[in-house]
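# Observations on chain architecture
If you want the building blocks of each chain, they are given just below.
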Amino acid sequence: MEHQFSVIEPKWQKKWEEQHAFEAKNDYTLPKYYALVEFPYPSGQGLHIGHPRPYTALDVVSRHKRMQGYNVLFPMGWDAFGLPTENYAIKNKIHPAKVTEQNIARFKKQLQMLGLSFDWSREVDTSDPSYYKWTQWIFLQLYKHGLAYKKEMAVNFCTSCKVVLANEEVVNGVCERCGSEVIRKVKSQWMLKITEYAQRLIDDLEGLDFIERVKTQEINWIGRSEGALVHFKATTGDDLCVFTTRPDTLFGATYMVISPEHELLETWKDKLTNYEEAVAYRTEAGKKSDFERTELAKEKTGVRLQGVAAINPVNGQQIPIFISDYVLASYGTGAIMAVPAHDTRDWEFAKKFGLPIVEVVAGGDVMNEAFTDTESGKMVNSGFLNGLEVAEAKQEIIRWLAEKGLGEKKINYKLRDWVCSRQRYWGEPVPMVYCEHCGWQPIDESELPLLLPDVEAYEPTDTGESPLSKVTDWVNTTCPKCGGPAKRETDTMPNWAGSSWYFLRYCDPKNPDALASREALNYWMPVDWYNGGMEHVTLHLLYSRFWAKFLYDIDILACKEPYKKRTAHGMILGENGEKMSKSKGNVINPDEIVSQFGADTLRLYEMFIGDFEKSAPWSPSSIRGCKRFLERVAVLADMAKGRGVTPQLEKSFHCTIRKVTQDIADMKFNTAIAALMSLLNDIMDAKTLTVDELQTYVLLLCPFAPHLCEEIWEQSGGEGLASLANWPTYDEAKTVENMPEIPVQVNGKLRAVLRMPATASKEEMADLAKADERVAAALEGKQLVKEVVIPGKLVNLVVK
RNA sequence: GCGCCUGUGGCGGAACUGGCAGACGCGCUAGACUUAGGAUCUAGUAUCUGUGAUGUGCAGGUUCGAUUCCUGUCAGGCGCACCA
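Parameters and conventions
Residues numbered from 1 in each chain as written. Chains lettered and ligands numbered in written order. Predicted model: local features only at pLDDT ≥ 70, side-chain atom pairs only at ≥ 80, totals over all residues. Heavy atoms only, no water. Phe/Tyr/Trp six-rings, centres within 6.5 Å; stacked < 30°, edge-to-face > 60°. Helix = DSSP H or I, 4+ residues; strand = E, 2+ residues; numbered from the N terminus. Buried < 20%, exposed > 50% of the residue type's maximum accessible area, 1.4 Å probe, protein only. Pairing = 2+ DSSP bridges. Contact = heavy atoms within 4.5 Å. Axes fitted to C-alpha atoms, helices over the stretch in contact; angles between N-to-C directions. Core = buried A, V, L, I, M, F, W, Y, C linked by side-chain atoms within 4.5 Å. Salt bridge = Lys/Arg side-chain N within 4 Å of Asp/Glu carboxyl O. Near = heavy atom within 4 Å. Polar contact = N/O pair within 3.5 Å; in protein donor to acceptor, adjacent residues only side chain to side chain. Nonpolar A, V, L, I, M, F, W, Y, C, P; charged D, E, K, R; others polar.

## Section: the packing of aromatic side chains
Aromatic ring pairs are defined here through the distance separating the ring centres and the angle between the ring planes. Across all of its chains, the model carries 41 aromatic pairs by this definition. Ring geometry for Y143 versus W190: centroids 6.2 Å apart, planes at 75°, classification edge-to-face. Of this pair, Y143 sits in helix α5 (residues 129-144) while W190 sits in strand β9 (residues 182-192), placing them 47 residues apart in sequence. Overall, the relative accessible area of 22% leaves Y143 in the partly exposed class.

Here is the structure:
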């Protein structure tokens, strides 16, 4: 038969839809499998050639699991709220709601042409009121449990998007989305206390089947460090508390630094003889964007505070205090003790300001560089710590500090609370009301969803206020507590809110009474395999794990972790090996590829292109090889005759079934396909094939190229859909070669490859090897020292 | 600077717990069939001063045997980045 993909593909897509072939069953007694891919935001550009790669991969997994008898949930939806959609709407002057609708329609059509086995009956859309009702509901629960709070604070503000960004959204000091400058602005924001979950977000990674780089990236982002709080006293009597990971070096603290924003600067206003100078420095530092701060990182700056000093609690020594922007207000206590001998940054600062450098750990040359090693070296110049190892000294000093009430052990995290409000239109309204008398009040749950009002002007404002603030009849409301006049919160939530729980909604997407029923959640959760991009590890993945843990705490969810297994796909690069982008002119359009080669070929190629986890360049000639392969498969359909087993192919079949089964589970799609190609070559060499074997072959290939396989399955008299047929099984005994080829080495160098019985003993193998003339020639005149024989594997003869 | 990952033909990439390096595909070469071939089929395809030797970024080490393990080093990618 001919591979007429343009006829076959729509035919089977229609049949699958008509027969509801891929809809997950609500029978909770069946073994389940929940496969998940990150839902896309429906951008105006439509599907990118990179999208089908992860989608096809988990489609293969889902199809495979379905054929193995699992009740599979493989859903899809739309991350429709948020900046990308809104920015597109503004640019094209179409209302975001309209844009979303159009883009979803286009995206869906493109996904469907790929033959992905999504359960479309469970489609979710984060911008749909029946969905965001529950996003708002979760926010209210967070608020009620003290995990959502409003706070005036310095935040990252994108000058182009005119919106506040989470720390996770600032990359290299610029906006992750638009690349514009990010400045620091003091604004009142809704915050979520993700920091309260920091330790659990680290601890619970253990035992999860996440690829290692995902785990380490999450752990690094959370940034746990163990140390101590140490209370210094200022000459004014004020307490000056610092966090340090090196309390052992306390004797070496020769000065202190507080961040420019530190409150003590104001407290000391009257005592400082150079207050003006310090304030000028603070103003200057405040003007710098984060990007500039990092740019200037090399050169340390600061101002010595004249008129006050600090007292080192361990030796009573007076030491100067500086303000400098190398100390961050938002980490630790916003103040440090500086130990120039054993900290690189302090060393640089001390050199610049001519401050003393006192060695307290021996082993380095502290006059020339800071000695930061904690593994070796003994304490010196440190009073009662002298002679101890660093690790011992740490424990000893903490004990001493605690005893005197001067300090304690402390764990710090780099992770900050999540800034969860945006001054934008296209998002979930934050369901809070501000009353002059009662302060912030949550709206009643019965009022959910709090609908996003329809507006004419949705552009962000220059004042940094949300466009919603202009909708006065919506803003003005009554206080849920006292009934008096009150105003609604006009900020909306970031897109990370809706995407933090979408995988729960899939379990029970139409439920009007709960985010999902307890039964559905208990059955489907956790997700068995979740695949997504590395770019979401510190954003979506972390946020959604946090929400899941919170929902676990309030008894909505039965599992502590939402995802059992997490993998990440590599990118598809342009032909030139660079990232695809319009400006580089190396973008490949999936619509064109499908019309030219067919969906099956595209799917197969994207799985065959290389290691799933690694990036790989697009190759127009390689995809032709995949098309050629499918055409050859179509030829098999005409070749197959009779029933039963072809003896010379039996072993190949059993081996291939084993290989494909294992490779799909191990995410090694490229070698699974290679094995199928190899089997095809074997069949072509044998020039004979039975109908039974053809059908086995087709089922193995079905997850990768489902349309063609359905067609051959039907034409060869297969019952029902190939996509729902039983996955072929193999007999381990039939994969074994009884006369394997054994490599024979002399001194580790290959001399011959001989066929030997698999059951041969070590002695027999050695004898067979020595009998070969090439081996004998290599042994000639040498003395045999050792015989290394691995039964069924190899012979190595060691001679002198 | 710190952390993680990757270096294998002309290209994408294979190689199980250390055991025939280069599976599979692309490309290329030759031939067949063709009016034609950027279609299809067949054969070949790591390198070399070629009966043999050398080859998995580079230099060492462990081993009967190393792409695989260890040490050092170079190159590329990703993440974090003044986090005390």
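Back to the text.
## Quick word on the sheet that holds strand β10 (residues 209-210)
Taken in spatial order, the five strands of this open sheet run β2-β1-β23-β24-β10, and their pairing is parallel. What marks the edges here is a single partner per strand, and that holds for β2 (71-73) and β10. Pairing of strand β23 (residues 529-532) with strand β24 (residues 565-568) involves three bridges; the strand directions are parallel. Each bridged residue has a counterpart across the sheet, and for G532 the counterpart in β24 is A568. Strands β1 (32-37), β2 and β23 of the sheet are contacted by helix α2 (residues 52-67), whose axis makes an angle of about 170° with β1.

## Observations regarding the pairing of strand β20 (residues 439-442)
Within a regular strand, side chains alternate between the sheet's two faces. Of the strand pairs in this sheet, strand β19 (residues 432-435) and β20 are connected by four bridges, and their pairing is antiparallel. Bridging across to β20, V433 finds its partner in Q441. Hairpin connection of β19 to β20: three residues between the antiparallel strands.

## Some words on the sheet that holds strand β18 (residues 418-419)
Paired through backbone hydrogen bonds, the strands of a sheet run either parallel or antiparallel to each other. Overall, antiparallel pairing links the four strands, which are arranged β6-β5-β9-β18 in an open sheet. Of all strands in the sheet, those bounded by a partner on one side alone are β6 (163-165) and β18. As judged from the two bridges shared by β9 and β18, these two strands associate in the antiparallel manner. When the sheet's bridge partners are listed, L192 is paired in β18 with W418. Seen against the sheet, α5 touches β5 (148-158) and β9 and runs at an angle of roughly 85° to β9.

## A look at the nonpolar core
Most often, soluble globular proteins have nonpolar side chains that are buried together. The biggest cluster of nonpolar side chains holds 176 residues, and the ones touching the most others in it are Y697, L701 and F704. The element best represented in this core is helix α17 (residues 537-553), accounting for ten residues. Setting aside chain neighbours within four positions, we find F704 in contact with V60, D600, R603, L604, M607, V660, I664, F669, A672, I673 and L676. Within the second largest apolar cluster, 56 residues are counted, among which are I258, L265, V308 and A370.

## Notes on the pattern of salt bridges
Summed over all chains, the structure comprises 39 salt bridges. K144 is the salt-bridge partner of E445, the closest N and O atoms lying 2.8 Å from each other. Residue E445 is located in the loop between β20 and α13 (472-475), and its partner K144 is located in helix α5; the two are separated by 301 residues in the primary sequence. On the basis of relative accessible area, K144 is assigned to the partly exposed category, the value being 45%. Taking the shortest distance from any N to any O, the salt bridge between E389 and K378 comes out at 2.8 Å. With E389 in the loop between α11 (344-353) and α12 (390-404) and K378 in the loop between α11 and α12, this residue pair connects regions lying eleven residues apart in the sequence. Accessibility expressed as a relative area gives 42% for K378, which makes it partly exposed.

## Things to note about the protein's contact with RNA strand B
Residues in contact with RNA strand B amount to 50 residues; listed here are only the nearest, T245, K300, R345, I609 and N796. A breakdown of the atoms of RNA strand B within 4 Å of the protein gives sugar and phosphate a share of 66%. Here a base nitrogen of RNA strand B sits 3.0 Å away from a polar atom, N or O, in the main chain of L328. In terms of residue class, the surface near RNA strand B is made up of 18 nonpolar, 16 polar and 16 charged.

## Here we look at the side chain of Q136
Residue position: Q136 is located in helix α5. A relative accessible area of 0% means that Q136 is categorised as buried.

## So, unusual backbone geometry
Cis peptide bonds are those with omega within 30 degrees of zero, and the linkage from L448 to P449 qualifies with -5°. As for its position among the elements, P449 is in the loop between β20 and α13. For the bond running from M525 to P526, omega is -5°, close enough to zero to count as cis. A positive phi angle, near 50°, is found at N381, a position not held by glycine. Within the secondary structure, N381 is located in the loop between α11 and α12. One non-glycine residue with positive phi stands out, namely M667, at about 65°. In this structure, M667 sits in the loop between α21 (647-665) and α22 (669-686).

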